[in-house]
Amino acid sequence: ILEGITYMILTDENAGNRRPFTFLNEVSDKFITTYGARAHDAIAYEFNADFAPVLRQKIEYYLTNIEADAFGSVKQKIDDAKDIMVANIEQLLDRGERIELLVHKTEQLTEQAFHFRKQTTKLKQSLWCKRLKFYLFCFFVLALLAGFVAVMVCGLNFAHR
């Protein structure tokens, strides 16, 4: 009841309190500014034809527009921001898992590189030893051959003929 005029709205339980009371306040303000003092002297349903489109527009606005309720609008924006943050956190966790996978693969590659280096060092030493043995064998064969040639040319007592 405002200035002797009763305003009433019927809603479901799930409509809450804020939206219906915000709707009633806006309708009462619009009614008073439109009809003023004439509203007190009017008979029942006198302004129905004029005010029904305004009521229809306000009802449509409050039913379909979430921004009609400032608190609901803020709550919706907070929920949207929360959803975005959750999505970002999930993406970060996915990236973290991928980073962990990359770190694990890097550690494996490091171990393989160390093992490869160790094997190449062993192979290098083994080849060096084989090459040394080959050179010593060649030197021994050449020395033996030179000795044989010397014996053939000079004789057994190394006297020059």
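Residues numbered from 1 in each chain as written. Predicted model: local features only at pLDDT ≥ 70, side-chain atom pairs only at ≥ 80, totals over all residues. Heavy atoms only, no water.

Digging into the overall build of the protein chain
Line of reasoning, step 1. Across its full length, the protein chain holds four helices and zero strands.
Line of reasoning, step 2. Reading the helices (α) and strands (β) of the protein chain from amino to carboxyl end gives α-α-α-α.
Line of reasoning, step 3. Overall size of the protein chain, expressed as C-alpha extent along the three principal axes, is 160 × 25 × 20 Å.
Line of reasoning, step 4. Going through the 161 residues of the protein chain one by one, you find that 13% of them count as buried.
Line of reasoning, step 5. For the protein chain, the share of sequence-separated contacts (at least 6 apart) that also reach a separation of at least 24 residues comes to 52%.
Line of reasoning, step 6. A total of about 14100 Å² of accessible surface is found on the protein chain, and carbon and sulfur atoms cover 63% of it.
Line of reasoning, step 7. Across the protein chain, the 20 positively charged side chains and the 20 negatively charged ones have centroids separated by 31 Å. (Helix = DSSP H or I, 4+ residues; strand = E, 2+ residues; numbered from the N terminus. Buried < 20%, exposed > 50% of the residue type's maximum accessible area, 1.4 Å probe, protein only. Contact = heavy atoms within 4.5 Å. Areas by Shrake-Rupley, 256 points an atom, 1.4 Å probe, with all protein chains shown as cover. Lys, Arg positive; Asp, Glu negative; His and termini not counted. Charge placed at Lys NZ, Arg CZ, Asp CG, Glu CD.)

Focus on a nonpolar patch on the surface
Line of reasoning, step 1. Where nonpolar side chains cluster on the molecular surface, the patch consists of Leu142, Leu145, Phe148, Val149, Met152 and Val153 and spans about 610 Å² of accessible area.
Line of reasoning, step 2. Along the chain, the position of Leu145 falls in helix 4 (residues 70–154).
Line of reasoning, step 3. On the basis of relative accessibility, which here comes to 48%, the residue Leu145 falls in the partly exposed class. (Patch = residues over 30% accessible without salt bridge, like charges linked within 9 Å, V, L, I, M, F, W, Y side chains within 5 Å. Salt bridge = Lys/Arg side-chain N within 4 Å of Asp/Glu carboxyl O.)

A closer look at a negative patch on the surface
Line of reasoning, step 1. On the surface, Glu90, Asp94, Glu97 and Glu100 cluster together into a negatively charged patch.
Line of reasoning, step 2. Asp94 sits in the partly exposed class, given a relative accessible area of 40%.

Some points on the pattern of salt bridges
Line of reasoning, step 1. Under the defined criterion, the tally for this structure stands at one salt bridge.
Line of reasoning, step 2. One salt bridge connects Glu26 with Lys58, and the closest N-O pair in it is separated by 2.4 Å. Of this pair, Glu26 sits in helix 1 (residues 18–35) while Lys58 sits in helix 3 (residues 48–64), placing them 32 residues apart in sequence.
Line of reasoning, step 3. Look at Glu26 and you get partly exposed, because its relative accessible area is 28%.
Line of reasoning, step 4. For Lys58, a relative accessible area of 16% corresponds to the buried category.

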